[in-house]
Number of protein chains: 2
Amino acid sequence: MATVPTLEKLSSNKTFEGELIKYKFKSVALGDLDTQFNLYLPPNASQKKVPVLIYLAGLTCTEDNGAQKGNFLKTASAEGIALLFPDTSPRGAGAPNETDSWDFGVGAGFYLNATKPEYSRNYNMLTHVTTELPQVIEAAGLPLDWSRQSIFGHSMGGHGALTMYLASKTKQFRSASAFAPIANPSNCPWGEKAFNGYLQGGIEEGKQRYDATELITKHTDPVHVLIDYGTGDNFYKQGQLLPENFLKASRNAGYDEVQVRVRSHEGYDHSYYFISTFASDHIHFHANFLKA
Amino acid sequence: MATVPTLEKLSSNKTFEGELIKYKFKSVALGDLDTQFNLYLPPNASQKKVPVLIYLAGLTCTEDNGAQKGNFLKTASAEGIALLFPDTSPRGAGAPNETDSWDFGVGAGFYLNATKPEYSRNYNMLTHVTTELPQVIEAAGLPLDWSRQSIFGHSMGGHGALTMYLASKTKQFRSASAFAPIANPSNCPWGEKAFNGYLQGGIEEGKQRYDATELITKHTDPVHVLIDYGTGDNFYKQGQLLPENFLKASRNAGYDEVQVRVRSHEGYDHSYYFISTFASDHIHFHANFLKA
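Keep in mind the model is a prediction, meaning the values are calculated, not measured. (Residues numbered from 1 in each chain as written. Chains lettered and ligands numbered in written order. Predicted model: local features only at pLDDT ≥ 70, side-chain atom pairs only at ≥ 80, totals over all residues. Heavy atoms only, no water.)

A.B. asks: Sorry if this is basic, but what is going on with the environment of Ala 212 of chain B here?
C.D. replies: Residues and elements named next belong to chain B. In this fold, Ala 212 is placed in helix α8 (residues 212-218). Overall, Ala 212 belongs to the buried group, its relative accessible area being 0%. It is 18 Å that separates the C-alpha atoms of Ala 212 and Thr 88, two residues lying 124 residues apart in sequence. Residues contacting Ala 212, with those up to four places away along its chain left out, are Leu 162, Thr 163, Leu 166, Ala 183, Pro 185 and Phe 246. (Helix = DSSP H or I, 4+ residues; strand = E, 2+ residues; numbered from the N terminus. Buried < 20%, exposed > 50% of the residue type's maximum accessible area, 1.4 Å probe, protein only. Contact = heavy atoms within 4.5 Å.)

A.B. asks: What's the story with the interface of chain B and chain A in this structure? I'm lost.
C.D. replies: Across the contact, 23 residues belong to chain B and 23 residues belong to chain A. Summing both sides of the interface, chain B and chain A together bury roughly 2000 Å²; the carbon and sulfur share of this comes to 46%. Put simply, chain B and chain A have zero salt bridges between them. At the boundary of chain B with chain A, the tally comes to 18 residue pairs in polar contact (both at pLDDT 80 or more). Of all the secondary-structure elements, those providing two or more residues to the side of chain B that touches chain A are β1 (8-15), α1 (64-69), α2 (73-79) and α11 (272-290) of chain B. Tallied by class, residues from the side of chain B that touches chain A come to seven nonpolar, ten polar and six charged. (Buried area = accessible area lost by both parts, 1.4 Å probe. Salt bridge = Lys/Arg side-chain N within 4 Å of Asp/Glu carboxyl O. Polar contact = N/O pair within 3.5 Å; in protein donor to acceptor, adjacent residues only side chain to side chain. Nonpolar A, V, L, I, M, F, W, Y, C, P; charged D, E, K, R; others polar.)

A.B. asks: Please clarify how the relation of the copies chain B and chain A should be interpreted in this entry.
C.D. replies: Superposition of the two copies of the chain requires a rotation about an axis and a shift along the axis. Relative to chain A, chain B is turned by 180° and slid 0.0 Å along the rotation axis, the superposed coordinates differing by an RMSD of 0.0 Å. As the rotation angle and translation indicate, the two copies are arranged about a two-fold axis. By C-alpha distance to the rotation axis, the residue of chain B lying nearest is Lys 69 of chain B, at 2.7 Å. A shared interface surface links the copies, since 100% of the contact residues of chain B are contact residues in chain A too. (Least-squares fit on C-alpha atoms with pLDDT ≥ 70 in both.)

A.B. asks: What is the right way to read the side chain of His 128 of chain B from this model?
C.D. replies: Residue and element names in this part refer to chain B. Tracing the sequence through the fold places His 128 in helix α4 (residues 125-139). You can call His 128 buried: its relative accessible area is 1%. Among the polar contacts made by the side chain of His 128, one reaches the side chain of Glu 132 at a distance of 2.8 Å. Ignoring any residue separated from it by four or fewer positions in sequence, one finds His 128 in contact with Phe 25, Ser 27, Ala 29, Leu 30, Thr 35, Leu 133 and Pro 134.

A.B. asks: Honestly, the sheet that holds strand β9 (residues 260-265) of chain A in this entry has me stumped. Any pointers?
C.D. replies: Across a sheet, paired strands are connected by hydrogen bonds in the backbone, their directions being either parallel or antiparallel. All names here are of chain A. Taking strand neighbours across the sheet as the criterion, the nine strands line up as β1-β2-β3-β5-β4-β6-β7-β8-β9 in an open arrangement whose pairing is mixed. Two strands lie at the open edges of the sheet, namely β1 (8-15) and β9, each paired on one side alone. Between one strand axis and the next, the sheet turns by 20° as a mean value, whatever way the strands run. Pairing analysis gives four bridges linking strand β6 (residues 144-154) to strand β7 (residues 176-179), with the strands arranged parallel. In the strand pairing of β7, Gly 153 is matched with Ala 178. (Pairing = 2+ DSSP bridges. Axes fitted to C-alpha atoms, helices over the stretch in contact; angles between N-to-C directions.)

Don't take any of this as a statement about function, it's just geometry.
Structural data, given as structure tokens:
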């Protein structure tokens, strides 16, 4: 790897005795475009390196949604866990059709590495999240212990969290959780559009590499997974999420409810009002493994 | 009063076992313009009428900022208190200069009743918040106990909360609190601009009716006031907030720290990251009086 890009601090806010910092840097993984992320450092990060929990946001979101509306910071402060909030796609790539719809392209990178030539220079959120951000942040000397990472997310970001967790050859993450994830994307319209759009091999390539339900079917190692969704979620009702497919595949693969827990919540929808309600549960869940 | 306007429900989200509902209605106080508000009903509102805590947002905000970013809902749910989030001004009045700057006009109603003829038809946020919203919501049959009301707010909304509390002849509110309030508006640029803009009597009229520091000086009844601000708040440093003037006037008027508590927080700024940190404290503070 060439020289690691340096971080530019855009803003800093004290919150829950810790610090929420927004950074910018020129991302190699995203084709030399500027990208931004938020990082929450809990108060104990002033004394020692702290574990890292990565939050992946959903379609149309940026690095701000989870930080501002997720209700994660209070519990992260109390648990002494850093939170990393990446963006959801490259911005300004100028790739074909990238701004034509809200569920493809800008704001909709789907946490994969594109293989179609017109997207493969910029649309590499998988590498950006799992490799580049840790390298760049480590090089900046920030007090994070990258040997203790977990990952969670919402909707498209829940898909990202589950697939990055299950597909990692290096067991990069200790645990994964998701709010209303796109849990079986090769069987839903959002996933089909993304896979056909970004991948040369289309849905079949997506099914092999980026589908949590397919990945858990082939998985054999122990896992720590928590999923929450609401029965009032219109995208759930439309069949975009399919958490029941992931649950069934998990049980068929031999994972019990200690290893894969899927919770259904009566009447909750797809919004951050749902996420914020169960936010503390997710932070505490990851703390079990990050602080073990 | 003529027929009470009816509420149109625009959306509803289940959150913390309760319900956040967005309503619209045609406001008489705001000159027959449509206005919106959010109402959080805690879970126990399904069994009985619950107390009401009104949150007034700051410059440039809408009814959404406090609901989405304030971190108020979890504690309100646990305490069994409803939260009412009004907008910050009329919208669409077409009054002079109302969209020329972010600190006057749209998004900046200053929670007063305008007396200049060009604003007095529409800019009546005092009446809207203290009289019209309770009437309209009561007429809709929503389960709120208006004999138990308190009020709080941020920045311009902190000014609104303190002045509505202190100026009420009917002791409408049991307690008031504020995050980084504009506490002495007749002595700061924001307040001077608002008073000169909306009021025929200019700063002198504002000083008499809408300045918390002036009002506490003349006040004699017992009060319950909590104020938080951060030393890293740029508007505080610029002299827009002046909480020290309010504190000094309170002590001179004989109010001790049980009745008027002003807390300074090292390094915190003016953002919702600051508000969210101390949000629970404020809900618990009001619960003491709302549930007494």
